[in-house]
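Chain by chain, the residues run as shown.
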Amino acid sequence: METRHGIAVVGAGMVGTCTALYLQQEGFAVSLLDRKDPGEEASFGNLACFGTASCVPPGMPGIIRKVPGMLLNRDSPLKLSWRHLPGLAPWFLRYIANTSPGRVESIAAARQSLLDRVHETLDPLVAAAGAQDLLNVHGGLLFTFESQAAFDSASYAFELRRQNGVEFDMLDGKEARTIEPALTDRIIRAIRVPKLTHTYNPGQLVKRLAGLVTARGGAVIRSEVRGFDIGADGVRALETNQGTIPVDGVVIAAGVWSRRLAKMLGTNVPLAAERGYHAMYEGTGVCVNSAILSVDHHLSVTPLDYGIRVGGIAEFASEDAAPDPACASTIRRLGERMIPGLADDPGERVSEWAGSRPSHPDSKASIGRSPKHGNAWFAFGHDHLGLTLGSITGKLVSELVADKPPSVDLEPFRPDRF
Ligand SMILES: Cc1cc2nc3c(=O)[nH]c(=O)nc-3n(C[C@H](O)[C@H](O)[C@H](O)COP(=O)(O)OP(=O)(O)OC[C@H]3O[C@@H](n4cnc5c(N)ncnc54)[C@H](O)[C@@H]3O)c2cc1C
């Protein structure tokens, strides 16, 4: 008798792994497939924050006027590979169309509807995986400002956060440095979000959660999905580099690579690779407690269990393009400007990483049934928030697969909205 693999989840990043766990909770047999070990792509290299204060989308009103200047400034967070511009132009046109105040406010409300459910869905998984030691629930998030102009330019975003229920405190530069003495004295103002959790190690967190999938009787399979066997009733099997795997259904949760898999399932999705970079100061003695986001430099700093991670940049290129060494050095230069101690004490080594955020032009994920097949579901496109939104996405997908009404209105996230 052939082995059945129940519902196959393709992609063992934060989104796919949480989806596998919630499917198990709904009583499904689950196989979690990845061509690598769990949590080795974007879910490894991110800035480790459960960004519950991030209802505000990256594309804000007025961005179109700023883009030309940003592309010419070597310290700007926005980078574009001109070679890829023709392919990306339709995506950018949609992106710009989503930056009017009305659109931004409705996108923020949709993102908030998921963010409101993060801890309710994440914390039980973390507890069941015995991974509470990987969470810092006390550090909070500190937005820093080196100029009044940067502070003023952020006022609309903070008003939007306030309207969506995010609580924060205003600080001056001295107060910010009392909380984080390692910060540069260029900081003149700060905004602290006290209730914000980060993980000490996002890659390890996903691995522990994947261990729980196995402990609950699921299969974590290392193989690459290369195609689908599709019959009259939908997806019958996955074609992988290890052979054919018969399945009852499939969830596509393959981050930025979901675009190719969705296309194999007959759906074109506008998913761009918004590449980010980090520099990891491994073993540095510099002490930082909170997650910190420099509004001037669009750069984040997060203390992990093996050092301090500095990262940011939105580079639009192919997901498979080689990393640009200039981006990595920009991250290091700006990070050492923000936390000067990192230049004097970089630790045992500074490792660099680049990886892709899976980004839709309307800054909302795709969560729902595939437009073409009744037994295929999409769970991708979480841009800057995939670590944060993995657990609620998994919960919602499990409800859909179980044919239950989803506990969040999924209209704004419909995969066929484009
Ligand atoms: C610099 C940076 C900082 C960030 N900071 C944060 C943050 O602080 N908070 C936050 O919430 N988010 C953050 N993000 C975004 C976040 O990392 C992503 O949104 C999230 O990791 C996406 O998770 P995922 O599971 O969808 O994709 P991934 O983690 O990329 O996982 C997809 C998986 O699919 C597998 N796969 C792909 N194709 C196939 C195939 N054909 N067969 C089998 N397996 C396949 C891959 O190997 C991979 O493991 C950041 C991103 C970057 C780049």
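Up top you'll find the structure we're talking about.
Everything in this summary refers to the structure shown in the same document. What you are looking at is a predicted structure, and each value in this text was computed from that prediction instead of being measured.

## Thoughts on the sheet that holds strand β13 (residues 249-252)
Thought 1: Taken in spatial order, the six strands make up an open sheet running β9-β2-β1-β13-β20-β19, and their pairing is mixed. Only two strands of the sheet have a single partner each, and these edge strands are β9 (219-222) and β19 (366-369). Strand-to-strand twist across the sheet, computed as the mean angle between neighbouring axes with direction ignored, equals 20 degrees.
Thought 2: Seen against the sheet, helix α1 (residues 14-25) touches β1 (7-10), β2 (30-34), β13 and β20 (376-380) and runs at an angle of roughly 170 degrees to β2.

## Observations concerning the side chain of histidine 360
Thought 1: Counting through the fold element by element, histidine 360 comes out in the loop between β18 (349-359) and β19.
Thought 2: Taking the relative accessible area as the measure of exposure, histidine 360 reaches 1% and is therefore buried.
Thought 3: Residues contacting histidine 360, with those up to four places away along its chain left out, are Trp91, Val269, Pro270, Leu271, Ala365, Ser366, Phe380, Gly381, Arg417 and Phe418.

## A word on helix α10 (residues 202-215)
Thought 1: Taking 1.5 Å as the rise per residue, α10 with 14 residues should run 20 Å; its terminal C-alpha atoms sit 20 Å apart, in good agreement.
Thought 2: For α10, the complete set of buried residues consists of Pro202, Gly203, Leu205, Val206, Leu209, Ala210, Leu212 and Val213.
Thought 3: Directly beyond the C-terminal end of α10, a positive phi value near 95 degrees is found at glycine 217.

## What to know about the site of the ligand
Thought 1: Close to the ligand lie 33 residues; Asp34, Ser43, Cys49, Asp383 and Thr388 are nearest.
Thought 2: With respect to the ligand, the side chain of threonine 388 contributes an N or O atom lying 2.6 Å from an oxygen atom.
Thought 3: In the complex, the protein chains occlude 96% of the 1,000 Å² of accessible area that the ligand would expose alone.
Thought 4: Breaking the shell around the ligand down by element, the ones donating at least two residues are α1, α2 (42-45), β14 (272-282), β18 and α14 (386-401).
Thought 5: With four residues, the single largest contributor to the shell around the ligand is β18.

## Structural notes on the nonpolar core
Thought 1: With 53 residues, the main nonpolar core has Val9, Met14, Leu114, Leu205, Leu209, Val251 and Ile367 as its most contacted residues.
Thought 2: In contact with isoleucine 367, not counting residues within four places along its chain, are Leu114, Phe378, His382, Thr393, Leu396, Val397, Leu410, Phe413 and Pro415.

## Here's the deal with the state of the cysteines
Thought 1: Going through the model one piece at a time under the given rule, you end up with zero disulfides.
Thought 2: Of all cysteine sulfurs in the structure, the one in cysteine 55 sits closest to cysteine 49, which takes part in no disulfide; the separation is 15 Å.
Thought 3: Free of any disulfide, cysteine 287 has its nearest neighbouring cysteine sulfur in cysteine 49, separated by 16 Å.

## With respect to the packing of aromatic side chains
Thought 1: Enumeration over the complete set of coordinates arrives at 10 aromatic pairs.
Thought 2: Relative to phenylalanine 92, the ring of tryptophan 91 has its centre 5.3 Å away and its plane inclined at 90 degrees; by these criteria the two rings are edge-to-face.
Thought 3: Between the aromatic rings of phenylalanine 145 and phenylalanine 158, the centroid separation amounts to 6.5 Å while the plane-to-plane angle is 65 degrees, which identifies the pairing as edge-to-face. Within this pair, whereas phenylalanine 145 is found in strand β5 (residues 141-145), its partner phenylalanine 158 is found in helix α8 (residues 155-163), the two being separated by 13 residues in sequence.
Thought 4: A residue is classified by how much of its surface remains accessible, and phenylalanine 145, at 0% relative accessible area, is buried.
Thought 5: Taken together, the aromatic side chains of Phe143, Phe145, Phe151, Phe158 and Phe168 make up a single cluster linked through ring pairs.
Thought 6: The ring of phenylalanine 158 carries arginine 161 above its face, with NZ or CZ at 4.5 Å from the centroid.

## Things to note about the pattern of salt bridges
Thought 1: Applying the stated criterion across every chain yields a total of 24 salt bridges.
Thought 2: A salt bridge links arginine 260 to aspartate 320, with the shortest nitrogen-to-oxygen separation between them at 2.5 Å. Pair noted here: arginine 260 is in helix α11 (residues 258-264) and aspartate 320 is in the loop between β17 (307-316) and α12 (325-338), with a separation of 60 residues, a long-range link.
Thought 3: Each of Arg259, Arg260, Glu319 and Asp320 takes part in one network of salt bridges that share partners.

## Remarks on the packing of α1 against α14
Helix-helix packing: each pair is described by the crossing angle between the helix axes and the interaxial distance.
Thought 1: Look at α1 against α14: their axes get within 7 Å of each other, and the N-to-C directions meet at 35 degrees. Crossing geometry of α1 relative to α14 is assigned as right-handed. Contacts between α1 and α14 pair Met14, Val15, Cys18, Thr19, Tyr22 and Leu23 from the former with Gly386, Leu387, Gly390, Ser391, Thr393, Gly394, Lys395, Val397, Ser398 and Val401 from the latter.
Thought 2: Residue composition of the contact of α1 with α14, by class: eight nonpolar, seven polar and one charged.

Rules used in this analysis
Residues numbered from 1 in each chain as written. Predicted model: local features only at pLDDT ≥ 70, side-chain atom pairs only at ≥ 80, totals over all residues. Heavy atoms only, no water. Pairing = 2+ DSSP bridges. Helix = DSSP H or I, 4+ residues; strand = E, 2+ residues; numbered from the N terminus. Axes fitted to C-alpha atoms, helices over the stretch in contact; angles between N-to-C directions. Contact = heavy atoms within 4.5 Å. Buried < 20%, exposed > 50% of the residue type's maximum accessible area, 1.4 Å probe, protein only. Expected span 1.5 Å × (residues − 1). Near = heavy atom within 4 Å. Polar contact = N/O pair within 3.5 Å; in protein donor to acceptor, adjacent residues only side chain to side chain. Areas by Shrake-Rupley, 256 points an atom, 1.4 Å probe, with all protein chains shown as cover. Core = buried A, V, L, I, M, F, W, Y, C linked by side-chain atoms within 4.5 Å. Disulfide = S-S within 2.5 Å. Phe/Tyr/Trp six-rings, centres within 6.5 Å; stacked < 30°, edge-to-face > 60°. Lys NZ or Arg CZ within 6 Å of the ring centre and 35° of its normal. Salt bridge = Lys/Arg side-chain N within 4 Å of Asp/Glu carboxyl O. Left-handed = near helix turned anticlockwise from the far one by under 90°. Nonpolar A, V, L, I, M, F, W, Y, C, P; charged D, E, K, R; others polar.

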